[in-house]
Structure formats: C-alpha cells, structure tokens
Amino acid sequence: MTSAPTPTLVLGGRFARELPELALPWQAVDTPDPRVLVLNEPLATELGLDPDWLRGDGVGLLTGTRVPDGATPVAQAYAGHQFGGYSPRLGDGRALLLGELVDDSGRLRDLHLKGSGRTPFSRGGDGLAAVGPMLREYVVSEAMHALGIPTTRSLAVVATGRPVQRETVLPGAVLARVASSHLRVGTFQYARATDDLDLLRRLADHAIARHHPAAADAPHPHLALFEAVVAAQASLVAQWMLVGFVHGVMNTDNMTISGETIDYGPCAFMDAFDPATVYSSIDTGGRYAYGNQPVVAEWNLARFAEAILPLLAEDQDAAVAIAVESLGAFRGHYSAAWSAGMRTKLGLPEGLHDEVASAVVTDLVALVQADHVDHTSFFRSLGAAARGDAEPARGMFLDLPAFDAWTARWLALGPDADVMDRANPVYVPRNHLVEEALAAATDGDLAPLDQLLDAVSAPYDERAGLERHAEPAPDSFAGYQTFCGT
Ligand code: AMP
Ligand code: MG
C-alpha cells in the first residue's frame, strides 16, 4: 500500500480510535487492472473528491490500494442473527472501512469498500465480489436515495481485473460505499458478547454522537438512543413498504443504527402486489417476505434491546421492563408512518377523518392483492385517474365492479393528483431490466446500465424514451430469484 498523491485528502479514523476492539487494521488486496465502471460524480463532489482525479490517479482510493497518509483502514467486527440463528463472529469478511470524510455540509461519512479481499473475518469466503452484484447495489441504493429513502450511497464500482469464481468465473469488482456509519444491530451484539461493559457504553455513546445527538441531552441517553433507533427503523421500513421494496436479507447485521438501508444483496422491488413476495433463493421459509418486513424489524430491535440491556438499568428485570415498554412504540410509529405515506400516495386531503382514510386505504390494498396488480405502475396510474382518466388503472384489474366502486368512493374525497405524482414513482429498478443491465455490463456494454441509472435517478419525472422502465416485467419473467453474497 502506497500513499495517494493528494496530501490534502484527510480520512479520519474516529471509529478505529474510539472502538479499537471492533476495528482490525487491514489492507485491501491489490487490483491487477482497475477500471472505473461507474462513478457517482455528484456524490464525489459532495465529499470533496475530484471526479477526474478518482477516474485517474485516485482510482486506488476507490479500491483501497492507495490510501492517504495517516488513514487506518479496518475490518469491522460484528455479530448477527442470520435467518434467526445467532453467529457470534461475522464482521467485514470482504469489506473495509477506509475511514471517515467530512462532507460539504459538515457531516461525517464513512468511506467503505466491498469486495476488497480476504480479512480475518472471511471464514471460508474469498473476500471478493463480482461486477454484477456490486452494480446491483449501486443501482438499487441510488434508486432508493432518489426515492427519498434513507440509504447508504454508492460512490463507484471499479472492475478489478481479477476473476472471481462463483458458479462460473466472473469479472471481479470493488464497490466504494458511503454511509453515515456502518454501525449495525450486530455491532452491539458483538460488543455485548465480549462482556466488556465499558466497550458497550463507548459504542452506544459513539452511536449517539454520530446519529442521534439529541439523545445525549435526554434524562437517560442510552434509553433515548434505543427509542431513536426504534423510531428510525419503523420509519425506514414503512418507506420500504410504500414503494414495494423487499430487502431480502434482514439479518441483524444488516440493520443499521442510523436508520439507513444497508447491504443490497438479494433485494428487489415487488412487481405484482403480494405480501408473500420473496425473491431470495435461500429464503425458502419466506422469513424476509415483503409483508413480513415490519415484524422482522421489530424482532431485530428486540435483539438490539437485549444487546444494550446492561445500559438500560442495572437490575436486569428492570432493564427488560424498560426495553419491552420502549419497543412497544414500534407498532405505533410504523402504522403512523405507513398510513401517512398511503394517504399521500392516494392524494387524500389533509383533515380527512382517520376512519374514512383508513377504510379507503384498507379496501384498496385488498383489491390490489386479490388481482395481483403491478404495484408501481398501479399507484402511478392513479394520478391519471385523479385527473379524470381511470382507464389505465382500471385495465389492471379483473374485478371491475369492485375497482369502479372503490374509485368512485376515492374520487369523491377529492384526491390531489400533483401530490400523488410526487409520491408514486414512475421508475423503480425493474428486476428484469436490472438483470439485463448487469448482464450487459458484465459483458462490457455499459449502455443499458447508464439508461437504467438515468431512469431511477429521477424516479418521479416521466420522460420520453424511458417507457420500458415504467412497465411491469413480461409474464415470461415470472419466478425471478436473487442471490446473496455474490
Ligand atoms: P451479507 O449477506 O453480504 O450481509 O454478508 C454476511 C457475512 O458474510 C458478512 O460477514 C460478510 O462479510 C460475509 N461475506 C459475504 N460474502 C463473502 C465473501 N465472498 N468472502 C468473505 N466473506 C463474505
Ligand atoms: Mg451484510
């Protein structure tokens, strides 16, 4: 590892300094032939990084092979419940935290790599990543950001020139990712399992300082931290549900303390509305199905509560009682966020009686579920219905009398079509188009990827030439599956 020729670039090491027990100094593996496949220029600029430099001499920063003087890349330790089973030692098996940057609004942001080689946490894995899955994370995380949903960001995907062995040999890549931090529920589980109360306390204080600073002034800061994480996750998962996002692998190591979506593995946007929707090939029991996500989030937060129990009260029974009561707020937060989001999606006027609004919402959900209506295009087409043309929406239903009756009731409430168009995206990363773009990029053709990114980066603005991106998958695409950790 040599120094990058940018003496002005400072990569902080706050995580490594404050929590050395969770930070293993490590180096990225060499990249034989690095080539930038995609670079997020606006994000680079936000971080004070010159896009031209990153494409040239600075590419080593994006692969971790040339880091600034004084930087201390680390593999982060964490534990986690994976599909309900506890693993005491996961950690960054193919990732590194390079350090923290201060962005142009003064916020601290982690610069992190995925696919940067083996670490002491790799277990049997090769520490590497293939081009396709890293581009998938890039596309989907940027789509989520453009939809206004809290998420880690993608700065770049760099092809390494090193082949990786999966079912076939694939081109390797490193994803450079940016997050407000990489603290996870699993980070707390790891710290708790060390039985080092001082470490657990330092971790909680670090999380408060970085993510929930108001908790520091609360009468009980660590309880306030827990409450803030419960609220942030309830809001996040409600936003996933409102756009039809299926995370696919909601293990506790993939749930952040910040409330950002993290780790886009087998994720996908739902086509036909069905709570049982599962895409991940390994989720045979449907644990992380679309409709289960709120319950799983609550379950994960219970694991978070267990991890910080000693910080909530000295007496364990008292701590449990506090945790149970605080976690009880999750359902109310979630329902409020989801209901408010649905009201906006339907353009319902402010001041409408709660019972009227919730009946219209509930009845609609039953209709779209019964007729397996395409989630994204249906909600968007309701905007046209609010403007007087219900035919596009109507054409998606089998039970026309039921749709007509519902529509008449809803129209009588005076929905605001402009509000709806700002809440119901035209473009989400359609599974069949994501697959098409990734396959083309793996073969060296980046044009479909560029068009996909163009569509999902401005998801609410309908544009000519992007019609394919607004349409559901063809029937021949049924049975779509996604894969983890590739
Ligand atoms: P994920 O499913 O991506 O959240 O990863 C779960 C755990 O598996 C984390 O500890 C990862 O670092 C590790 N992991 C996933 N893929 C690999 C790989 N190819 N090599 C080493 N570790 C991996
Ligand atoms: Mg993960």
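Keep in mind the model is a prediction, meaning the values are calculated, not measured. (Residues numbered from 1 in each chain as written. Chains lettered and ligands numbered in written order. Predicted model: local features only at pLDDT ≥ 70, side-chain atom pairs only at ≥ 80, totals over all residues. Heavy atoms only, no water.)

1. Quick word on the side chain of Ser154
No. 1: Structurally, the position occupied by Ser154 is in strand S10 (residues 153-165).
No. 2: Taking the relative accessible area as the measure of exposure, Ser154 reaches 1% and is therefore buried.
No. 3: For Ser154, the contacting residues outside a window of four places in its chain are Asn40, Leu43, Glu137, Tyr138, Ser141, Glu142, Leu175 and Ala176. (Helix = DSSP H or I, 4+ residues; strand = E, 2+ residues; numbered from the N terminus. Buried < 20%, exposed > 50% of the residue type's maximum accessible area, 1.4 Å probe, protein only. Contact = heavy atoms within 4.5 Å.)

2. Examining the coordination of the magnesium ion (ligand 2)
No. 1: Here the magnesium ion (ligand 2) is held by the protein donor atoms Asn254 (OD1) and Asp263 (OD), which lie 1.9 to 2.2 Å from it. Grouping residues by exposure puts Asn254 and Asp263 together as buried. (Donors = N, O, S within 2.8 Å, 3.2 Å for Na, K, Ca; no water.)

3. Side note on the packing of helix H17 (residues 431-442) against helix H18 (residues 447-457)
No. 1: Their axes nearest at 7 Å, the elements H17 and H18 cross at an angle of 140°. As judged from the angle between their axes, H17 and H18 are oblique. H18 is crossed by H17, and the crossing has left-handed handedness. Facing H17, whose interface residues are Leu433, Val434, Ala437 and Ala440, H18 presents Pro448, Leu449 and Leu452. (Axes fitted to C-alpha atoms, helices over the stretch in contact; angles between N-to-C directions. Parallel < 35°, antiparallel > 145°, perpendicular 65-115°, else oblique. Left-handed = near helix turned anticlockwise from the far one by under 90°.)

4. Examining the packing of aromatic side chains
No. 1: Counted according to the given criterion, the structure contains 14 aromatic pairs.
No. 2: A centroid spacing of 4.8 Å and a plane angle of 45° characterise the contact between Phe83 and Tyr288, whose relative ring orientation is tilted. Taken together, the residues span a long stretch of sequence, with Phe83 in the loop between strand S6 (80-82) and strand S7 (85-87) and Tyr288 in the loop between strand S13 (268-269) and helix H9 (293-312) at a distance of 205 residues.
No. 3: You can call Tyr288 buried: its relative accessible area is 1%. (Phe/Tyr/Trp six-rings, centres within 6.5 Å; stacked < 30°, edge-to-face > 60°.)

5. Description of the pairing of S10
No. 1: Here strand S3 (residues 35-39) runs beside S10; their pairing, made up of four bridges, is antiparallel. The residue bridging Arg35 from the neighbouring strand is Ala159, located in S10.
No. 2: Direction of pairing for S10 relative to strand S11 (residues 169-179): antiparallel, over a ladder of nine bridges. From the neighbouring strand, Pro163 faces S11, where its bridge partner is Pro171.
No. 3: From the end of S10 to the start of S11, which pair antiparallel, there are three residues. (Pairing = 2+ DSSP bridges.)

6. Let's talk about the site of ligand 1
No. 1: In the region of ligand 1, 18 residues are neighbours, and Gly91, Gly93, Arg123, Gly127 and Asn254 sit closest.
No. 2: Between ligand 1 and Gly91 there is a distance of 2.6 Å, counted from an oxygen atom to a backbone nitrogen or oxygen.
No. 3: One nitrogen or oxygen atom from the side chain of Asn254 is found 3.0 Å from an oxygen atom belonging to ligand 1.
No. 4: For ligand 1, whose accessible area on its own is 490 Å², the fraction buried by protein is 86%.
No. 5: The residue inventory of the shell around ligand 1, partitioned by class, reads three nonpolar, eight polar and seven charged. (Near = heavy atom within 4 Å. Polar contact = N/O pair within 3.5 Å; in protein donor to acceptor, adjacent residues only side chain to side chain. Areas by Shrake-Rupley, 256 points an atom, 1.4 Å probe, with all protein chains shown as cover. Nonpolar A, V, L, I, M, F, W, Y, C, P; charged D, E, K, R; others polar.)

7. Describing empty space enclosed by the protein
No. 1: Evaluated as defined, the whole model comprises four cavities of 30 Å³ or more.
No. 2: The dominant element in the lining of the largest cavity, judged by the number of residues it contributes, is helix H8 (residues 221-243), at three residues.
No. 3: When its residues are assigned to classes, the lining of the largest cavity shows five nonpolar, six polar and one charged.
No. 4: Considered as a void within the structure, the second largest cavity measures approximately 40 Å³ in volume.
No. 5: If you trace the second largest cavity, you find it lined by Leu242, Val243, Lys345, His375, Thr376, Phe379, Asn424, Pro425 and Val428.
No. 6: Only H8 and helix H13 (375-386) provide two or more residues apiece to the lining of the second largest cavity.
No. 7: Residues of the lining of the second largest cavity, tallied by class, amount to five nonpolar, three polar and one charged. (1 Å grid on protein atoms, 1.4 Å probe; cavity = no way out; pocket = protein on both sides within 12 Å on 5 of 7 lines; lining within 4 Å. Points joined across faces, edges and corners; volume = space filled by probe spheres on them.)

8. Overview of the pairing of S11
No. 1: Counted residue by residue, S11 has eight buried out of 11 residues, so it is predominantly covered.
No. 2: As paired strands, strand S9 (residues 108-114) and S11 are joined by five bridges and run antiparallel to one another. Considered in S11, the bridge of Asp110 is made with Ala179.

9. With respect to the domain arrangement of the chain
No. 1: As assigned here, the chain comprises domain 1 (14-179) and domain 2 (348-421).
No. 2: Computed from C-alpha coordinates alone, the two centres of domain 1 and domain 2 are separated by 42 Å. (Domains from an automatic or database assignment.)

10. Topic: the layout of surface pockets
No. 1: Considering only enclosed or pocket space, the second largest pocket measures out at about 380 Å³ in volume.
No. 2: Across the lining of the second largest pocket, the residue classes tally to 10 nonpolar, three polar and four charged.

11. Re helix H12 (residues 354-370)
No. 1: Under the 1.5 Å per step criterion, the end-to-end length of H12 is 24 Å for 17 residues, consistent within 8% with the ideal 24 Å.
No. 2: Of all the residues in H12, the buried ones are Ala357, Val360, Val361, Leu364, Leu367 and Val368. End-on, the buried residues of H12 take up no more than an arc of 130°, which puts them together on one face. Facing away from the buried side of H12 by over 90 degrees, the exposed positions are Asp354, Glu355, Thr362 and Ala370.
No. 3: In this structure, the buried residues of H12 make contact with helix H11 (329-345), H13 and helix H15 (400-411).
No. 4: Count one or two residues on from H12 and you reach His372, which has phi positive near 50°. (Expected span 1.5 Å × (residues − 1). Arc of directions from axis to C-beta.)

12. Focus: H18
No. 1: When H18 is considered as a whole, its buried residues turn out to be Leu449, Leu452, Leu453, Ala455 and Val456. What you see down the axis of H18 is that its buried residues fit within an arc of 160°, all on one side.
No. 2: Summarising the contacts, the buried residues of H18 are in contact with S3, helix H5 (131-146) and H17.

13. Concerning the nonpolar core
A general tendency of soluble globular proteins is for nonpolar side chains to be buried together.
No. 1: Grouped together as the largest cluster of nonpolar side chains are 99 residues, with contacts concentrated most on Phe188, Leu346, Phe378 and Leu382.
No. 2: Residues contacting Leu346, with those up to four places away along its chain left out, are Val360, Val361, Leu364, Phe379, Leu382, Trp406, Trp410, Pro415 and Met420.
No. 3: Among the nonpolar cores identified, the runner-up in size contains 24 residues, and Leu39, Leu49, Trp53 and Val158 belong to it. (Core = buried A, V, L, I, M, F, W, Y, C linked by side-chain atoms within 4.5 Å.)

14. Considering the pattern of salt bridges
No. 1: Counted by the stated rule, this structure contains 30 salt bridges.
No. 2: With a closest N to O distance of 3.0 Å, Arg109 and Glu46 form a salt bridge. One end of the pair, Arg109, is in strand S9; the other, Glu46, is in helix H2 (residues 41-46), with 63 residues separating them in the sequence.
No. 3: Residue Glu46 is classed as partly exposed on the basis of its relative accessible area, which comes to 22%.
No. 4: Through salt bridges that share partners, Lys114, Glu137, Arg177, Arg184 and Asp263 make up one connected network. (Salt bridge = Lys/Arg side-chain N within 4 Å of Asp/Glu carboxyl O.)

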